[in-house]
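A structural walkthrough
Below are the chains, spelled out letter by letter.
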Amino acid sequence: MSPQDDARAPDPRTARTRARLRESLLAECAGHPLAEVSVSAVVRRAKVGRATFYLHYEDLTALAVDACADVVHAAVDALHAWQTGPAALPPARPPAALAGFLAGAAERAPLYRTLLLPGGGGPLGDRLHRELRERARAERAAAGAPHPDLVASAVAASFTGVLADWLHDTVPAGPADLAEHLWRLLLALHRAV
């Protein structure tokens, strides 16, 4: 078997089935909390069998994390929207994408709260922290900034924790105000070492 065989594109049928299951879960969660959504309702809406569901996902939480993966990518991209190159200096004001991301997250707060626990834990929090830490570390290392692992970990933990607490209504602020506060906090962490 050649290395090219290992790098095959995913089966389009699998991708379509997973997309239908994600859309179905999000539609169900628009009217009910995740705790009240059943596998039966999701597969019925997606028009797939229950066995098909379990071929792709261990449980509803795994599907929910997959369905919400876009929020992780959107968060990471929003925090780095200002960058035009590895040596670019961050602006004093947050990128508009950050407030836009927060406004969008507020719209799906009930679902995100079930996966992103206060303080930043939970399956979605773990994924957000991991992806944000990896991106921040790589960009800091590429720029030759000191202590890329330390700063990346601090940035990821701070952003994930504040976002989670905000979604759980323990950090009172609107999306634009929170973007301003978060931006100053993250800039301070980058400059601390």
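Described in the following lines is the structure provided in the data block.

Rules and cut-offs
Residues numbered from 1 in each chain as written. Predicted model: local features only at pLDDT ≥ 70, side-chain atom pairs only at ≥ 80, totals over all residues. Heavy atoms only, no water. Helix = DSSP H or I, 4+ residues; strand = E, 2+ residues; numbered from the N terminus. Buried < 20%, exposed > 50% of the residue type's maximum accessible area, 1.4 Å probe, protein only. Contact = heavy atoms within 4.5 Å. Expected span 1.5 Å × (residues − 1). 1 Å grid on protein atoms, 1.4 Å probe; cavity = no way out; pocket = protein on both sides within 12 Å on 5 of 7 lines; lining within 4 Å. Points joined across faces, edges and corners; volume = space filled by probe spheres on them. Core = buried A, V, L, I, M, F, W, Y, C linked by side-chain atoms within 4.5 Å. Phe/Tyr/Trp six-rings, centres within 6.5 Å; stacked < 30°, edge-to-face > 60°.

What follows is about the overall build of the protein. Check the secondary structure of the protein and you find 11 helices and 0 strands. The dimensions of the protein, computed from C-alpha atoms along their principal axes, are 55 × 50 × 25 Å. Across the 193 residues of the protein, 37% fall into the buried class. At a minimum sequence separation of 6, the contacts of the protein that also span at least 24 residues come to 66%.

Take the environment of Gly100 next. One can find Gly100 in helix H7 (residues 96–107). Each C-alpha atom of the pair Gly100 and Ala75 lies 9.8 Å from the other, and the pair is 25 residues apart in sequence.

Attention now moves to helix H9 (residues 122–142). The end-to-end C-alpha separation of H9 is 30 Å, in line with the 30 Å expected for 21 residues at 1.5 Å each. Here the buried face of H9 lies against helix H5 (60–67), helix H6 (69–79), helix H8 (109–115), helix H10 (148–167) and helix H11 (175–192).

Despite not being glycine, His147 has its phi angle at roughly 50°, a positive value. Relative to the elements of secondary structure, His147 occurs in the loop between H9 and H10. Under the relative-accessibility criterion, His147 is labelled partly exposed at 48%. With phi around 65°, Asp169 is a residue other than glycine that occupies positive phi space. Here Asp169 shows up in the loop between H10 and H11.

On to empty space enclosed by the protein, then. This structure, assessed with the given rule, holds 1 cavity of 30 Å³ or more. By volume, the largest cavity amounts to about 50 Å³. Forming the boundary of the largest cavity are Val71, Val72, Ala75, Phe101, Tyr112, Leu116, Leu124, Leu128, Leu163 and Leu167. Elements with a contribution of two residues or more to the lining of the largest cavity: H6, H9 and H10.

So, on to H6. Three- or four-residue spacings in an α-helix give side chains the same orientation, since the helix completes a turn every 3.6 residues. Among the residues of H6, Ala69, Val71, Val72, Ala75, Val76, Ala78 and Leu79 are the ones counted as buried. The elements touched by buried residues of H6 are H5, H7, H8, H9, H10 and H11.

It is worth spelling out the nonpolar core at this point. Membership of the largest hydrophobic core comes to 52 residues, with the highest contact counts inside it found for Leu21, Leu25, Phe101, Phe159 and Leu163. No other element matches H10, which puts 8 residues into this core. If sequence neighbours within four positions are ignored, Phe159 has contacts with Ala75, Leu79, Leu98, Phe101, Leu128, Leu132, Leu182 and Leu186.

Take the packing of aromatic side chains next. To describe a pair of aromatic rings, one takes the distance between the centres and the angle between the planes. Within the structure shown, the criterion is met by 3 aromatic pairs. Residues Phe53 and Tyr57 carry aromatic rings whose centres are separated by 6.0 Å and whose planes lie at 40° to one another, so their mutual orientation is tilted. As far as the burial class goes, Phe53 and Tyr57 line up, both buried. Between Phe101 and Phe159 the ring centres are 6.4 Å apart and the planes differ by 35°, which places this aromatic pair in the tilted class. Taken together, the residues Phe101 in helix H7 and Phe159 in helix H10 connect sequence positions 58 residues apart. For the residue pair Phe101 and Phe159, the accessibility class agrees, reading buried in each case. Three or more aromatic residues link up through ring pairs in this structure, and these residues are Phe53, Tyr54 and Tyr57.

No statement about biological role is implied by the geometric values presented.
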